[in-house]
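Remarks on the overall topology
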Amino acid sequence: DTEVTQTPKHLVMGMTNKKSLKCEQHMGHRAMYWYKQKAKKPPELMFVYSYEKLSINESVPSRFSPECPNSSLLNLHLHALQPEDSALYLCASSLEDRGPSYEQYFGPGTRLTVT
Amino acid sequence: AQTVTQSQPEMSVQEAETVTLSCTYDTSESDYYLFWYKQPPSRQMILVIRQEAYKQQNATENRFSVNFQKAAKSFSLKISDSQLGDAAMYFCAYRGPLGSNYKLTFGKGTLLTVNP
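Remember, it's a predicted structure, so these values are computed and weren't measured experimentally.

This paragraph deals with the overall build of chain A. Secondary structure summary: chain A contains zero helices and 11 strands in total. Along chain A, helices and strands appear, N-terminal first, in the series β-β-β-β-β-β-β-β-β-β-β. A globule of 115 residues ought to have a C-alpha radius of gyration of about 13 Å, and chain A, at 13 Å, matches this closely. Here the C-alpha coordinates of chain A stretch approximately 40 × 25 × 20 Å along the principal axes. Split into buried and exposed, the 115 residues of chain A put 50% on the buried side. In chain A, the share of contacts with a sequence separation of at least 24, taken over all contacts with a separation of at least 6, comes to 56%. Of the roughly 5400 Å² of accessible surface on chain A, 50% is carried by carbon and sulfur atoms. Of note, chain A has its 13 positive side-chain charges centred 8 Å away from the centre of its 12 negative side-chain charges.

Rendered as structure tokens:
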């Protein structure tokens, strides 16, 4: 099973709302990633969790708050977003972030629209 | 810093024909990993094929194969017997040596259209 699931598929939120994106994998992967992708652009890395600890924050604004409650689950909490934050948010996982098992598997994404 | 260049923003191919997507990269490392990802309109990024730089043999996955030219820092993807389902955005990606920078560096992508 090489599946990464993400919910919701679509999300529309106002600039004052608080919402969360959810990502789940049951492949025993210990590294999980959040990416932001604008239309017709490559994904941009936001955060990396390794063994449930935040290992990398790519200078992401604090209105994005990641959380890794356990090894299978990754959340992205959203608060006071701006319209320019509208994008496809992709989650990915890999067995490790630095070890030999380097392949990242992506989820289907959440299409976020900020109004 | 590593860079990945896909010089073809768009490509088209007739169904059942062969198409080659180009990718070049820049790195000072001798050991690294290269990938092609496919992203159909359904949005999910799917790993198509990977190549370890230490392997001289070009990777092959069914109708997908690569031409890896390490000295030229070139990593092209060949799709044989193109199918309508191959229509997608294709991203070339680079990953550094094990234990170093874990990040995937993506090219800007090539949008492939398959004509019936």
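With 22 residues of chain B at the contact, the number on the chain A side is 27 residues. Across the interface of chain B and chain A, roughly 2100 Å² is buried in total on both sides, 56% from carbon and sulfur atoms. Run the count over chain B and chain A and you get four residue pairs in polar contact (both at pLDDT 80 or more). When contributions to the side of chain B that touches chain A are tallied by element, the ones reaching two or more residues are β5 (33–39), β6 (46–52), β10 (88–95) and β11 (104–106) of chain B. A class-by-class count of the residues in the side of chain B that touches chain A yields 11 nonpolar, five polar and six charged.

Attention now moves to the side chain of Thr27(B). Residue and element names in this part refer to chain B. By the element assignment, Thr27 lies in the loop between β4 (24–26) and β5. Looking at Thr27, its side chain comes within polar contact range of the main-chain nitrogen of Glu29, at 3.1 Å. Engagement of the side chain of Thr27 in a polar contact is seen with the side chain of Tyr94, the distance being 2.7 Å.

The next point concerns the packing of aromatic side chains. Within this structure, the stated rule accounts for 13 aromatic pairs over all chains. A centroid spacing of 6.3 Å and a plane angle of 80 degrees characterise the contact between Tyr35(A) and Phe106(B), whose relative ring orientation is edge-to-face. With Tyr35(A) in strand β4 (residues 31–37) and Phe106(B) in strand β11, this pair bridges two chains. For Tyr35(A), a relative accessible area of 1% gives the class buried.

Mapped onto the elements, Tyr33(A) comes out in strand β4. Here Tyr33(A) falls in the buried class, since its relative accessible area comes to 1%.

One pass over the full model with this rule turns up two disulfides over all chains. Covalently, Cys23(B) is tied to Cys92(B) through a disulfide, its sulfur atoms 2.0 Å apart. Judged by the torsion about the S-S bond (-70 degrees), the Cys23(B)/Cys92(B) disulfide is left-handed. Highlighted residues: Cys23(B) in the loop between β3 (19–21) and β4 and Cys92(B) in strand β10, separated in sequence by 69 residues. With respect to burial, Cys23(B) and Cys92(B) carry one shared label: buried. Distance from the sulfur of Cys68(A), which forms no disulfide, to the nearest cysteine sulfur (Cys23(A)) is 9.2 Å. On the basis of relative accessible area, Cys68(A) is assigned to the buried category, the value being 14%.

What counts as what
- Residues numbered from 1 in each chain as written.
- Chains lettered and ligands numbered in written order.
- Predicted model: local features only at pLDDT ≥ 70, side-chain atom pairs only at ≥ 80, totals over all residues.
- Heavy atoms only, no water.
- Helix = DSSP H or I, 4+ residues; strand = E, 2+ residues; numbered from the N terminus.
- Rg over C-alpha atoms; globule rule 2.2 N^0.38 Å.
- Buried < 20%, exposed > 50% of the residue type's maximum accessible area, 1.4 Å probe, protein only.
- Contact = heavy atoms within 4.5 Å.
- Areas by Shrake-Rupley, 256 points an atom, 1.4 Å probe, with all protein chains shown as cover.
- Lys, Arg positive; Asp, Glu negative; His and termini not counted.
- Charge placed at Lys NZ, Arg CZ, Asp CG, Glu CD.
- Buried area = accessible area lost by both parts, 1.4 Å probe.
- Polar contact = N/O pair within 3.5 Å; in protein donor to acceptor, adjacent residues only side chain to side chain.
- Nonpolar A, V, L, I, M, F, W, Y, C, P; charged D, E, K, R; others polar.
- Phe/Tyr/Trp six-rings, centres within 6.5 Å; stacked < 30°, edge-to-face > 60°.
- Disulfide = S-S within 2.5 Å.

Purely geometric stuff here, so don't read any function into it on its own.
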